[in-house]
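The residues making up each chain are set out below.
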Amino acid sequence: MSPVLRIVLRILGIGALVAGGLAVALAALVAAILLGPLIFWVAWNVLNFASAVGLPELGFWGIVLATLFLVIGWFGKVLIAAIVFLVDPTWFHGAAEVRWPEPTFRNFVAVTLLALLASRPHAHAHERTRRKKHRAFADH
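Residues numbered from 1 in each chain as written. Predicted model: local features only at pLDDT ≥ 70, side-chain atom pairs only at ≥ 80, totals over all residues. Heavy atoms only, no water.

Draft legend 1. Inspection of the packing of aromatic side chains at higher detail. Scanning the model with the defined rule gives 4 aromatic pairs in all. With 6.0 Å between their ring centres and 65 degrees between their planes, tryptophan 44 and phenylalanine 49 make a pair best called edge-to-face. Like phenylalanine 49, tryptophan 44 is buried. Ring centres 4.9 Å apart and planes at 75 degrees place the aromatic pair phenylalanine 60 and tryptophan 61 in the edge-to-face group. With respect to burial, phenylalanine 60 and tryptophan 61 carry one shared label: exposed. Here the aromatic cluster, defined as three or more aromatic residues joined through ring pairs, consists of Phe40, Trp44 and Phe49. Positioned over the ring face of phenylalanine 69 is lysine 77, at 5.5 Å from the centre of the ring. (Phe/Tyr/Trp six-rings, centres within 6.5 Å; stacked < 30°, edge-to-face > 60°. Buried < 20%, exposed > 50% of the residue type's maximum accessible area, 1.4 Å probe, protein only. Lys NZ or Arg CZ within 6 Å of the ring centre and 35° of its normal.)

Okay, here's the thing in structure tokens:
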């Protein structure tokens, strides 16, 4: 095999590896973006957790905002509350009678799915903290 062909094949191999890695990362991002609202929709509307706690079912944008509210950090939550207030200020004057749900398996699954969404970003934060501690411990 000629040296030029060998170099071209190496470059194409690395390019394919990088392209494959990017494709997997993009697929994971799209799955996370689509999977989060789907999980929330199943827990809230399909498993009727909304009615179990005395709240209404949510439409598409309500599900997207609620999912984002669970997944993002404190500043994002304040931003979502500000957006909702600017779009519909009367929303904050509404009254809701929220109650504790009945202890059924369906409500347990719904709470578990919502907790899964809410706990996801915190796992990354703790992972970074653990790495810093290990790095600091290894330096001594």
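Draft legend 2. Here's a closer look at the nonpolar core. Judged by nonpolar contacts, the single largest core of 14 residues is most densely connected at Phe40, Trp44, Phe49, Ala110 and Leu114. Of all the elements in the fold, those that place two or more residues in this core are α1 (3-46), α2 (49-52), α3 (60-71) and α5 (105-139). At 4 residues, α1 tops the list of elements feeding residues into this core. Apart from the residues within four sequence positions on either side, leucine 114 is in contact with Phe40, Ala43, Trp44, Phe49 and Leu70. (Core = buried A, V, L, I, M, F, W, Y, C linked by side-chain atoms within 4.5 Å. Helix = DSSP H or I, 4+ residues; strand = E, 2+ residues; numbered from the N terminus. Contact = heavy atoms within 4.5 Å.)

Draft legend 3. Looking closely at a nonpolar patch on the surface. Together, Trp74, Phe75, Val78, Leu79, Ile83 and Val87 make up a nonpolar patch on the protein surface, roughly 700 Å² of accessible area in all. Among the secondary structure elements, valine 87 is positioned in helix α4 (residues 74-87). (Patch = residues over 30% accessible without salt bridge, like charges linked within 9 Å, V, L, I, M, F, W, Y side chains within 5 Å. Areas by Shrake-Rupley, 256 points an atom, 1.4 Å probe, with all protein chains shown as cover. Salt bridge = Lys/Arg side-chain N within 4 Å of Asp/Glu carboxyl O.)

Draft legend 4. Up close: the packing of α3 against α4. Following both chains from N to C, one finds α3 and α4 inclined at 150 degrees, their axes separated by 9 Å at the closest point. Viewed along their axes, α3 and α4 adopt a mutual orientation that is roughly antiparallel. Together, Leu65, Leu68 and Phe69 of α3 and Lys77, Ile80 and Val84 of α4 make up the contact between the two elements. Its residues assigned to classes, the contact of α3 with α4 comprises 5 nonpolar, no polar and 1 charged. (Axes fitted to C-alpha atoms, helices over the stretch in contact; angles between N-to-C directions. Parallel < 35°, antiparallel > 145°, perpendicular 65-115°, else oblique. Nonpolar A, V, L, I, M, F, W, Y, C, P; charged D, E, K, R; others polar.)

Draft legend 5. Up close: unusual backbone geometry. Positioned with a positive phi, asparagine 48 is a non-glycine residue whose angle comes to about 60 degrees. Here asparagine 48 shows up in the loop between α1 and α2.

Draft legend 6. Inspection of the environment of asparagine 45 at higher detail. Relative to the helices and strands, asparagine 45 is located in helix α1. Residue contacts for asparagine 45: discarding those within four places in its chain leaves Phe40, Glu57, Leu58 and Ile63.

Draft legend 7. Region of the structure containing the side chain of threonine 67. On the secondary structure map, threonine 67 appears in helix α3. Take threonine 67: its relative accessible area is 6%, and that puts it in the buried class. Excluding residues within four positions of it along the chain, threonine 67 makes contact with Gly36, Pro37, Phe40 and Leu117.

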